[in-house]
Amino acid sequence: MGIIEGVQPLEELFTNPDTCITESWKEQSHTERNIYELFKEVKNSQGLVTVSLHREKHRNYLLRGTQHLSRYFVSLDASKPWICYWIMHSLDLLGAPITADLINSGISTLAKYQNSTGGFGGGSGQISHAAVTYAAVNTLAIFGTKEAYDIIDRENLYKWLLKLKKPDGSFVMHEGGEVDVRGAYCALSVALMTNILTSELIAGTPKWIKTCQTFDGGIGGVPGDEAHGGYTFCGVAAMEIMGTTHLLDIPLLLKWAVSLQMKLEGGFQGRPNKLVDGCYSFWVGGLFPLLEAILTRQQYEKRAQPGGEELASFVAQPLFDREALQEYILVACQSPGGGLIDKPEKGPDYYHTCYCLSGLSTAQHHIIFDVNREEELTNERRHTNSNSLSGRERSLLWVEEVLGKNVVGLPENIVRATHPVHNVSLPKAHAIINYYKDF
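Residues numbered from 1 in each chain as written. Predicted model: local features only at pLDDT ≥ 70, side-chain atom pairs only at ≥ 80, totals over all residues. Heavy atoms only, no water.

Enquirer: Could you give me a rundown of the side chain of Q269, with the residues and numbers involved?
Expert: Summarising the element assignment, Q269 is placed in the loop between helix 12 (250–258) and helix 13 (280–283). Not counting residues up to four positions away in its chain, the partners in contact with Q269 are S259, L260, M262, K274, L275, V276, Y280 and V284. (Helix = DSSP H or I, 4+ residues; strand = E, 2+ residues; numbered from the N terminus. Contact = heavy atoms within 4.5 Å.)

Below, the structure written as structure tokens:
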């Protein structure tokens, strides 16, 4: 599909003006105009075939961040593991080598942020926090060495995660902190990757997340809050980890998610009536592999005769415009000096670089859930007390449909595939899960 070379003229894709001209409409119109000019320039020149990912510029931008951060980063003093994750995940997706020196330095740094009571803080001497613990564990997964895995204190991590658990199944972000759905996702993701996910840890959580789904289909931070792209990803991914996505209203969720892809821009907004933002390339774009897996499983369960069918006959096809999202990222979100951005007229940062590239990966690769292998594993254990697979086993069933690649622009624009649940490159996610399987 796509927008730049689509059948509908770009000029017909502008948002119609409201009867009452508001500041928010002016911002939307200004954003559309900026992106229109960029798209028109590509269309009127040599077209999409020459559009390139500025891989080397982005790599250099990211590597500079491993050596020095400006004084403005003082505002992220409690987010140091996040900075590590944003940079390392971006480098990994770009296929840039992560040297042994960088790995050893990263391990040493993150070890200082781990607390003896379990979990990681945002910096040395800071209290443990679910979000930065998720970032730290993901970074160690990206490093992918035994030395990186072995610094995680799994015993105390588990005890600490239980302290975050509330009687209603929700999680606080830190001891004495706020409840929201991010806490559930971060806690369950790190628990799965380190093989400490138990029935005790997930008890009540599916029901609580279900109460966070709103009337329009998305998921809010807590019950009663407005649905938001980031919270929705966290909620759906957490349900996928627990094997309980069937509790959600999937048709309503799908309707809400597809409505967030912008008509002219091609990228995603995080909520209705908001501006496009490059970070939602993943936070909303990343919903679609999960939704496609849910629909694939539903189709598979309805088949007439079990066994023998080709997986491709059940796989749900991509549910969003993959080309349009890539066009937005490649044409409108690359900063000339390296790094990726929210939208035109914004500066680059590591957060948007990470999630723009994660969204680009999601749009280029078709990562599917192998329902055939799921059935095989389930049948193999029918003699046991439980036929259901663990969250760890399900996370290993995500594979790439090789013929499903879709790369806009130059063929070398392709980045590495990311895991739909954990947002770590697929082989790195599988490696850490397999490492801990016998612990």
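Enquirer: For empty space enclosed by the protein, give the residues involved together with the corresponding values.
Expert: This model, assessed by the stated rule, comprises four cavities of 30 Å³ or more. In this structure, the largest cavity spans a volume of roughly 60 Å³. Lining of the largest cavity is provided by F282, G286, P289, S361, T362, H365, I367, T418, H419 and P420. Looking at the lining of the largest cavity, its residues break down into four nonpolar, six polar and no charged. The volume enclosed by the second largest cavity comes to roughly 40 Å³. Taken together, P289, E292, P318, F320, R322, T362, H365 and H366 make up the full set of residues lining the second largest cavity. A class-by-class count of the residues in the lining of the second largest cavity yields three nonpolar, three polar and two charged. (1 Å grid on protein atoms, 1.4 Å probe; cavity = no way out; pocket = protein on both sides within 12 Å on 5 of 7 lines; lining within 4 Å. Points joined across faces, edges and corners; volume = space filled by probe spheres on them. Nonpolar A, V, L, I, M, F, W, Y, C, P; charged D, E, K, R; others polar.)

Enquirer: Pulling in residues and values, what's your account of the packing of helix 8 (residues 181–193) against helix 11 (residues 229–242)?
Expert: Where helix 8 contacts helix 11, the two axes come as close as 8 Å, and the packing angle between them is 40 degrees. By the angle between their directions, the pair helix 8 and helix 11 is classed as oblique. Both helix 8 and helix 11 take part in a crossing whose hand is left-handed. Every residue of helix 11 that contacts helix 8 at V181, R182, Y185, L188, S189 and L192 is listed here: Y231, F233, C234, G235, A237, A238, I241 and M242. Considering only residue class, the contact of helix 8 with helix 11 consists of 11 nonpolar, two polar and one charged. (Axes fitted to C-alpha atoms, helices over the stretch in contact; angles between N-to-C directions. Parallel < 35°, antiparallel > 145°, perpendicular 65-115°, else oblique. Left-handed = near helix turned anticlockwise from the far one by under 90°.)

Enquirer: If you had to explain helix 15 (residues 322–332) to someone new, which residues and values would you point to?
Expert: The buried fraction of helix 15 amounts to 11 of the 11 residues, a majority that puts the element mostly inside the structure. Within the sequence span of helix 15, burial applies to R322, E323, A324, L325, Q326, E327, Y328, I329, L330, V331 and A332. Buried positions along helix 15 lie against helix 1 (23–44), helix 13 and helix 16 (350–364). Its side-chain oxygen 3.3 Å from the backbone nitrogen of E323, D321 forms the N-cap of helix 15. (Buried < 20%, exposed > 50% of the residue type's maximum accessible area, 1.4 Å probe, protein only. Polar contact = N/O pair within 3.5 Å; in protein donor to acceptor, adjacent residues only side chain to side chain.)

Taken by themselves, the reported measurements are silent on function.
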